[in-house]
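# Observations on the model geometry
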Amino acid sequence: MKFGFGIDVGGTTVKLGLFTQAGELLEKWEIPTNTEHEGEAILPDIARAVADCMSRRGLSREDCLGLGIGVPGPVSDSGIVNKCANLGWGVFDLHKTLGDLTGLPVKGGNDANVAALGECWKGGGQGHSSMVLATLGTGIGGGIVIDGKILFGAHGAAGEIGHVTMDKHETEPCGCGKFGCAEEYGSASGLTRLARRAMAKSALPSPLRALEKPTAKDVFDLAAQGDALALEVREEYFDVLGQFLAGVCCVVDPEIVVLGGGVSKAGPVLAQGVQRHFVPYMFHTGRGIRFALATLGNDAGIYGSFKLALDQFGG
């Protein structure tokens, strides 16, 4: 039996998983992400953690098919990282650098794309070969899987769906510097923006008005209780996401859309609400596209990273 590693590099911690070739997660653990000195210690730390695990388990290099890794930045199909600002990394060959450190074959990808592959393989998209993942958190992350493979794009930046322009007249800037990006309305922080604007233009009474900084959870909780203003905001949010995701799906034609991130904790009401608003915006051939919630949580990255390695080196 062969084994392999899935690694998910975050700004605070690096998550690692040891898998069997059959896809069983045997062990997972974390190490700190040392971003000092432009992140020069991150890959050596990962190599050491992998070597320690192999030693502890009595595994040789011949026992391991390879190592997959997701990083928070663009990565080309050939393994060239094109800057990871929050790690301090510039442009370099991830495959060669980490391969030299570990002695194992390496396949890398963008963390959001890799998480999408994980969800498609073992999570909310399981059983489907083409999927869009939209992670609804502080921003909107994304990943696209077509025919079981991550869509990398020419610059390693495919799947940056959160920066599709939705409103060219927007006056508040997105974190990317543009105006009117989808994540300005469809993220968790976007939902609070919609709530703030709704309170400004509506006279409806609502407990939302008593909250200094209403959160996405506040909106969903109050909507569930029947609060009229919260219901209006929630429907506007569903409509924004429905329109936005219909645009994405018109381009890539997936079998399923999986919703993850903090907002997905709202549960089935989110998937059902977005799908309801999605249908009128969608080209007729895709109106039956399914919507589901992500299920792997923080493990999506290690599953997807290992799947990268498995597809590349598993034979």
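Below, the structure is looked at part by part.

Reading the values: the criteria
- Residues numbered from 1 in each chain as written.
- Predicted model: local features only at pLDDT ≥ 70, side-chain atom pairs only at ≥ 80, totals over all residues.
- Heavy atoms only, no water.
- Helix = DSSP H or I, 4+ residues; strand = E, 2+ residues; numbered from the N terminus.
- Buried < 20%, exposed > 50% of the residue type's maximum accessible area, 1.4 Å probe, protein only.
- Contact = heavy atoms within 4.5 Å.
- Pairing = 2+ DSSP bridges.
- Core = buried A, V, L, I, M, F, W, Y, C linked by side-chain atoms within 4.5 Å.
- Axes fitted to C-alpha atoms, helices over the stretch in contact; angles between N-to-C directions.

## A few points about the side chain of Asn-110
- Assignment of secondary structure puts Asn-110 in strand β7 (residues 106–110).
- You can call Asn-110 buried: its relative accessible area is 9%.
- Setting aside chain neighbours within four positions, we find Asn-110 in contact with Val-71, Pro-72, Gly-73, Pro-74 and Val-75.

## Re the pairing of strand β3 (residues 25–32)
- Where strand β2 (residues 13–20) meets β3, 7 bridges bridge the pair, whose relative direction is antiparallel. For Leu-18, the partnering residue across the bridge sits in β3 and is Glu-27.

## With respect to the nonpolar core
- The biggest cluster of nonpolar side chains holds 42 residues, and the ones touching the most others in it are Tyr-237, Leu-245 and Leu-270.
- If you list the elements that add at least two residues to this core, you get β8 (131–136), β9 (140–146), α6 (188–201), α7 (216–224), α8 (228–252), β11 (256–260) and α9 (268–281).
- For this core, the element with the highest residue contribution is α8, accounting for 13 residues.
- Every residue in contact with Leu-270, bar those within four places of it in the chain, is listed here: Leu-136, Phe-220, Tyr-237, Phe-238, Leu-241, Leu-259, Val-263, Ser-264 and Leu-293.

## A few points about the sheet that holds strand β1 (residues 3–9)
- If you walk across this open sheet you meet the 5 strands as β3-β2-β1-β4-β7, and the pairing is mixed. The open sheet has two edge strands, β3 and β7, and neither has a second partner. Averaged over all pairs of adjacent strands, the angle between their axes in this sheet comes to 15°, without regard to strand direction.
- Its contacts with the sheet place helix α3 (residues 94–102) against β4 (64–71) and β7, and it is angled at close to 135° to β7.
- Where helix α10 (residues 300–313) meets the sheet, its contacts fall on β1, β2, β3, β4 and β7, and the angle it forms with β4 comes to roughly 135°.

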